[in-house]
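Observations on the model geometry
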Amino acid sequence: MMKQASVVDLFLLLLAIPLLATPAFSDLVLSKVERRIDVTSQIARVTKTLKVVNSGSESVSEFTLTFPKFLGNNLAYLSVSHSEGKGKSKRSLATLSVEEAHPKGMPDSVSFYSVSLPKPLNKGDALTLEVVAAFTNVLQPFPEKISQRDIHLVMLQESAQYLSPYVVESQSLSIKLPNARIESYTKLENTKLQGSEIKYGPYKNLAQYSYAPIVVHFESKAAFAVAEKLVREIEVSHWGNVQVTEHYNLVHRGAQLKGEFSRLEYQDRPNPQGVSAFRHLLARLPPRAHSIYYRDDIGNISTSQMQSDSKKTELLIEPRFPLFGGWKTFFTIGYGLPLSDFLFASEGKRFLDISFGSPMIDLVTEKLIVQVVLPEGSKDISVTTPFAVKQSHEIKYSHLDIAGRPVVVLEKNNVVPDHNQNIQVYYKFSNINLLSEPLMLITGFFVLFITCIVYTRADFSISKSSAAYLAKLQWDEVLATLQEVQNIIHKCLAAHDKLETSLRDLSRTGDIQTCKAARKSTDGLLKDLSKELRPLLASLQSFPSASHISPKVEELVAKEKELQEKLMAKHTTVVEGYEKKSSGRDIENRIASQQQKIIALRQEVEDLLEFIDEI
């Protein structure tokens, strides 16, 4: 899709060139133009040396830069400086202000930028400008899909002649490629190929808006690593540390993998496959970085190496799997920095001086969010950046925070390593605020210890002479009495079950004497249990707090007594039937009504027991 858009923009540009001939910028002449394009990485870096001469009669204070629209849309970084000298003695004097311009009557196929000159350029004066531009997404994979065995080929579209609103007296172009493996390139007049470098020109006396499209198709082994989103959190602690945490959403924007991935082929050392993938990323951290970690959603990733010296700290990280075109990965790196290396004081304010972009080498970031978390109590906050960014403010709450920590949020799209310049965050902070958290901890522990002392020495028990204490004692006695009643009733029910068992044994064995003996034993046990219940019932009736419970307990005892009588009557009927040698069906008919009553009484007794259990 990007390739098709570039072709359309190029076609529109070629149609618009005849319309661009205009004397609007004719006072300036470019006596010499040297263009150098470096495509050894995924970023196309263009360096231009422009010698500008004022051939008009009036002074000029602005200079206009132009780019084809398909390049201007992907412009990530642009810097223009004034220089003097030649070769090794060349030095940059000042960086000039650059703003996007929209001249009237100009077609949309060209992007214009206005450069403010350091001083008006008078008639006959000359000035040398150094232009540095970085473009993303201009190296298009071609073919767009490749197999694991294929090499990675990309295509660059440019112009051998410098597109400018000014007349160019002499111009040359050199394109530096990653290696000498070139599939094809456009051959024009004065074209030379020297190893991995293609040279066009010099071309003399070029008219305004001259354009000679060229296409270079070559192999690139560079890592086309693009961070779709990168969140850098920089937390400042005045206790001596700056903690940096970076969350990466990374994708390989090279040619997409066609077919299946074979780990065996990829690890085949004599014939390595998967040259379009990348396994490593290099992060160049500040020299005294410490407490470095590298992890993802699964956990810590141990496949990383670190080298450190007095000038830098290099972290070589390896994702869990090789990244082919279109593949994504998510990971986090974090490290601490000494506060003294990045925090300074100026005019009654403190300011943090730290880099803006990612420490990853040759990484393109589509959306970068930098969150600078300042200490609680910071105020009068301002930010200085070397380029335009979107700013906002938030509040972050952490441990022992009351009002929260102010957060400066900086956002920028299409970020390249050229943006990795220092930013300054200014703020006021009183050292008294440093004591807030320790004082809070001291106060908290003091209150805790005082509370413990008061608790251990004070008597919170209820007086034994109070009405509440006496009521509690009485209620405890009520509950104990109810528990005893329940136990006795359960014993009675167990005796009932024993009596039923003796009847079942009688029907099975016909032993009448054993059945009568069981009846006699059970009868004696039930009488003893009945005697135990009497004082308990009297005790419950004497407690005022048990007035709502006593009727239910009395009902329970009465129902159990009635159940005893029915069981005894049933037992007598069955035994007499066996003594008279009545048939089993006749005995069952005689006790049928009794059995129904027994079942109903048993259910009522269990319901009353459940009610008492709830109490």
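Relevant structure appears above.
Counting restarts for each chain: residues are numbered from 1 in the order of the written sequence. Local features in this predicted model are restricted to residues whose pLDDT is 70 or higher, and side-chain atom pairs enter the listing and the counts only when it is 80 or higher, whereas totals over whole chains, interfaces and linings include all residues. With hydrogens and water stripped out, all remaining heavy atoms of the structure feed into the side-chain values.

Here's the deal with the pattern of salt bridges
Close approach of charged atoms allows side chains of opposite charge to pair. Spelled out, the test is: The working definition used for a salt bridge is a side-chain nitrogen of Lys or Arg within 4 Å of a carboxyl oxygen of Asp or Glu. Each helix is a run of H or I in the DSSP string that is no shorter than four residues. Each strand is a run of E no shorter than two, and both are numbered from the N terminus. For every residue, the accessible area (1.4 Å probe, protein chains only) is compared with the maximum for its type, and the residue is labelled buried under 20%, exposed over 50%, or partly exposed between those bounds.
Throughout the structure, instances matching the rule amount to 27 salt bridges. Note that Glu 318 is salt-bridged to Arg 279, the shortest N-O span being 2.4 Å. Within this pair, whereas Glu 318 is found in the loop between β23 (313-317) and β24 (328-338), its partner Arg 279 is found in the loop between α3 (263-266) and β20 (281-285), the two being separated by 39 residues in sequence. Taking relative accessible area as the criterion, Glu 318 reaches 17% and is therefore assigned buried. Using a relative accessible area of 25% as the deciding quantity, one classes Arg 279 as partly exposed. Each of Glu 228, Arg 253, Lys 328 and Glu 366 takes part in salt bridges that share partners, so that together they form one network.

A short note on the sheet that holds strand β13 (residues 182-185)
Where we set the bar: A pair of strands is labelled paired if DSSP reports no fewer than 2 bridges between them.
Spatially, the four strands line up as an open sheet ordered β9-β11-β16-β13, and their pairing is antiparallel. In this open sheet, the two edge strands, each paired with only one partner strand, are β9 (140-141) and β13.

Points about unusual backbone geometry
Phe 142 connects to Pro 143 through a cis peptide bond whose omega is 10°. You can see Pro 143 is positioned in the loop between β9 and β10 (145-146). At the junction of Gly 201 and Pro 202, the peptide bond is cis and its omega measures out at 10° in the coordinates. With respect to the helices and strands, the residue Pro 202 is situated in strand β15 (residues 197-206). Positive phi, close to 50°, is recorded for Ser 291, a residue that is not glycine. Tracing the chain through its elements places Ser 291 in strand β21 (residues 290-295).

Description of the packing of helix α5 (residues 467-509) against helix α8 (residues 584-614)
Rule in force here: Helix axes are fitted only over the stretch in contact, all axes being lines through C-alpha atoms; the angle between N-to-C directions runs from 0 to 180 degrees. Roughly parallel means an angle under 35 degrees; roughly antiparallel, over 145; roughly perpendicular, 65 to 115; everything else is oblique. For any helix crossing, the convention is left-handed if the near helix is rotated counterclockwise from the far helix by under a right angle, and right-handed if that rotation is clockwise. Two residues qualify as a contact provided that any one of their heavy atoms is within 4.5 Å of a heavy atom in the partner residue. Note on residue classes: Ala, Val, Leu, Ile, Met, Phe, Trp, Tyr, Cys and Pro are nonpolar, Asp, Glu, Lys and Arg are charged, and everything else, Gly too, is polar.
At a closest axis distance of 11 Å, the pairing of α5 and α8 adopts a crossing angle of 155°. Taken as axis vectors, α5 and α8 run roughly antiparallel relative to one another. Note that α5 runs across α8; the crossing there is left-handed. Contacts between α5 and α8 involve Leu 482, Gln 486, Ile 489, His 490, Leu 493, His 496, Asp 497 and Glu 500 from the former and Ile 598, Arg 602, Val 605, Leu 609, Ile 612 and Asp 613 from the latter. A class-by-class count of the residues in the contact of α5 with α8 yields seven nonpolar, three polar and four charged.

A look at the sheet that holds strand β6 (residues 98-101)
Read across the sheet, three strands follow the order β3-β7-β6 without closing on themselves; strand pairing throughout is antiparallel. Every interior strand has two partners, whereas the edge strands, β3 (60-68) and β6, have only one. Here the strands of the sheet are splayed against their neighbours by 35° on average, with no regard to which way each runs. Where β6 and strand β7 (residues 110-121) come together, four bridges link them in antiparallel fashion. Of the residues in β7, the one forming a bridge with Val 98 is Val 115.

A closer look at the pairing of strand β8 (residues 126-135)
Two faces belong to every sheet, and in a regular strand the side chains alternate between them. By the criterion of burial, β8 is predominantly enclosed, with seven of the ten residues buried. The sheet contact formed by strand β2 (residues 44-54) and β8 spans ten bridges and is antiparallel. Along β8, the bridge assignment pairs Thr 49 with Glu 130. In terms of strand pairing, strand β4 (residues 75-84) meets β8 through eight bridges, oriented antiparallel. Bridging from a neighbouring strand, Ser 79 pairs with Val 132 of β8.

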